[in-house]
Amino acid sequence: AQSVTQPDIHITVSEGASLELRCNYSYGATPYLFWYVQSPGQGLQLLLKYFSGDTLVQGIKGFEAEFKRSQSSFNLRKPSVHWSDAAEYFCAVGSGYSSASKIIFGSGTRLSIRP
Amino acid sequence: GAGVSQTPSNKVTEKGKYVELRCDPISGHTALYWYRQSLGQGPEFLIYFQGTGAADDSGLPNDRFFAVRPEGSVSTLKIQRTERGDSAVYLCASSMYTGTGYSGNTEAFFGQGTRLTVV
């Protein structure tokens, strides 16, 4: 069965520091991978997605993620975080061949920013 | 509308009661999803619709949960005989169906959710 693991429950980084959030997936075929962000009182917002092609994916708000098939990973990175990046981040995998198939989410990583 | 709209935003109900949660997707989006998010967890898939039909309802936890989308637009999630364990935020999302395979315009847009509290 498809699954997503986010091993870090909570991460704190200093403003201006670099960030890497880890994500590992389990999926039998070519995965369709996503990162979403959820701020307090806000809905889930898509940061970026990987479907095929270039394994380094650029997203909104300066985020990027790299798909590594050999490691079954899709880690999210940002070179310099801002206080407004404090939120909950979810990695997710699309579980079917249809563009409208269900998405399986990880349990999330809460990001705190140290001033 | 401009985004996915969910009503009510908050719902408090007594154990054993029946509740309905409404989702109004983005106009023209043919795919609609329901998720449930418990405190400290990621969203858990419940059901998704393609048009009027439930294409995958494998996430519905039991037969107390049911969802409909009679005209292929608005959807209602119905929960019978609510239990305290049903307390969660219920999220709805919609996306454009472009046929087989993913493409660049298949982003799922989420609503703000309905916070259901069963007391």
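Scroll up for the structure.
Rules used in this analysis
- Residues numbered from 1 in each chain as written.
- Chains lettered and ligands numbered in written order.
- Predicted model: local features only at pLDDT ≥ 70, side-chain atom pairs only at ≥ 80, totals over all residues.
- Heavy atoms only, no water.
- Pairing = 2+ DSSP bridges.
- Helix = DSSP H or I, 4+ residues; strand = E, 2+ residues; numbered from the N terminus.
- Buried < 20%, exposed > 50% of the residue type's maximum accessible area, 1.4 Å probe, protein only.
- Salt bridge = Lys/Arg side-chain N within 4 Å of Asp/Glu carboxyl O.
- Axes fitted to C-alpha atoms, helices over the stretch in contact; angles between N-to-C directions.

Residue and element names in this part refer to chain B. Bridging between strand E5 (residues 44-50) and strand E6 (residues 53-56) involves three bridges; their strand directions are antiparallel. Residue pairing in the sheet places Tyr48 in a bridge with Asp56 of E6. What sits between E5 and E6 in their antiparallel hairpin is a turn of two residues, with Gly51 showing a positive phi close to 70 degrees.

The next thing to look at is unusual backbone geometry. The amide bond that connects Thr7(B) to the next residue, Pro8(B), takes the cis arrangement and shows omega of -10 degrees. Relative to the helices and strands, Pro8(B) is located in the loop between strand E1 (5-7) and strand E2 (10-13). Look at Lys61(A): it is not a glycine, yet its phi comes out positive at around 60 degrees. Among the secondary structure elements, Lys61(A) is positioned in the loop between strand E7 (56-58) and strand E8 (64-68). For Lys61(A), a relative accessible area of 46% puts it in the partly exposed group. For Arg81(B), which is not a glycine, the phi torsion comes out positive at approximately 45 degrees. Tracing the backbone shows Arg81(B) in the loop between strand E8 (75-79) and strand E9 (88-95). Owing to a relative accessible area of 45%, Arg81(B) belongs among the partly exposed residues under this scheme.

All right, on to the pattern of salt bridges then. Under the defined criterion, the tally for this structure stands at eight salt bridges over all chains. Here Arg77(A) and Glu64(A) are joined by a salt bridge, their closest N and O atoms 3.2 Å apart. Highlighted residues: Arg77(A) in strand E9 (residues 73-78) and Glu64(A) in strand E8, separated in sequence by 13 residues. Given the relative accessible area of 23%, Arg77(A) is considered partly exposed. With a closest N to O distance of 3.9 Å, Arg22(B) and Asp24(B) form a salt bridge. Each of Glu64(A), Glu66(A) and Arg77(A) takes part in salt bridges that share partners, so that together they form one network.

All right, on to the sheet that holds strand E7 (residues 65-68) of chain B then. Within a beta sheet, neighbouring strands are joined by backbone hydrogen bonds and run either parallel or antiparallel to one another. Residues and elements named next belong to chain B. One open sheet accounts for four strands, arranged E1-E3-E8-E7; its pairing is antiparallel. Only two strands of the sheet have a single partner each, and these edge strands are E1 and E7. Strand after strand, the sheet turns through a mean of 15 degrees between neighbouring axes, direction not considered. Sheet analysis places E7 next to E8, joined by four bridges and oriented antiparallel. Bridging from a neighbouring strand, Val68 pairs with Thr76 of E8.

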